[in-house]
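Coordinate inspection notes
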Amino acid sequence: RRVTQGELVELLLASDREIEVHLHGYDLEAKVAPGAPVSLIFDADVAGRFPLSAHIGRAESTLAHIEVYPR
């Protein structure tokens, strides 16, 4: 789905283990546990490409990139 600057975005996050998810550029974080999906809702007010990362202990891995297109 294409996201345009100014839109309200909801990401539904689920995991089979406990993780912390971070949307870089927007400085949003959420803790996700098995069987407990979490919604990450934000106003896409900044255009660009932002990594969505999982933090497990000290390790970090990129799950996806969120691209917000200018109006």
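Note that the coordinates shown come from a computational prediction; the quantities given were computed from them, not determined experimentally.

**Section: the nonpolar core**
- In this structure, L11, L13, L23, Y26, F42, A44 and V68 are the most contacted members of the largest nonpolar core, which totals 18 residues.
- For this core, the secondary-structure elements that each account for two or more residues are strand 2 (8-13), strand 3 (19-23), strand 4 (28-32), strand 5 (38-43), strand 6 (48-56) and strand 7 (59-69).
- The residues touching A44, leaving out its near neighbours within four places in the chain, are V3, T4, Q5, G6, E7, V9, Y26 and V68.

**Quick look at the side chain of H22**
- In this fold, H22 is placed in strand 3.
- Here H24 takes part through its side chain, which lies 3.5 Å from a polar atom of the side chain of H22.
- Discounting residues that sit within four places of it in the chain, H22 has contacts with D27, L28, E29, P51, L52, S53 and H55.

**Here's the deal with unusual backbone geometry**
- Backbone geometry places D27, a non-glycine residue, at a positive phi of 50°.
- With respect to the helices and strands, D27 occurs in the loop between strand 3 and strand 4.
- Assessed through its relative accessible area of 63%, D27 is described here as exposed.

**As for the packing of aromatic side chains**
- Counting across every chain of the model gives 2 aromatic pairs.
- Ring geometry for Y26 against F42: centres 4.9 Å apart, planes inclined by 50°, an arrangement best described as tilted. With Y26 in the loop between strand 3 and strand 4 and F42 in strand 5, this residue pair connects regions lying 16 residues apart in the sequence.
- Summarising the aromatic geometry, the rings of Y26 and F50 are spaced 5.0 Å apart at their centres and angled 75° between planes, so their arrangement reads as edge-to-face. A residue pair is termed long-range when its members are at least 10 positions apart, and Y26 in the loop between strand 3 and strand 4 and F50 in strand 6 qualify at 24 residues.

About the thresholds
- Residues numbered from 1 in each chain as written.
- Predicted model: local features only at pLDDT ≥ 70, side-chain atom pairs only at ≥ 80, totals over all residues.
- Heavy atoms only, no water.
- Core = buried A, V, L, I, M, F, W, Y, C linked by side-chain atoms within 4.5 Å.
- Buried < 20%, exposed > 50% of the residue type's maximum accessible area, 1.4 Å probe, protein only.
- Helix = DSSP H or I, 4+ residues; strand = E, 2+ residues; numbered from the N terminus.
- Contact = heavy atoms within 4.5 Å.
- Polar contact = N/O pair within 3.5 Å; in protein donor to acceptor, adjacent residues only side chain to side chain.
- Phe/Tyr/Trp six-rings, centres within 6.5 Å; stacked < 30°, edge-to-face > 60°.

Nothing here speaks to function; it is geometry throughout.
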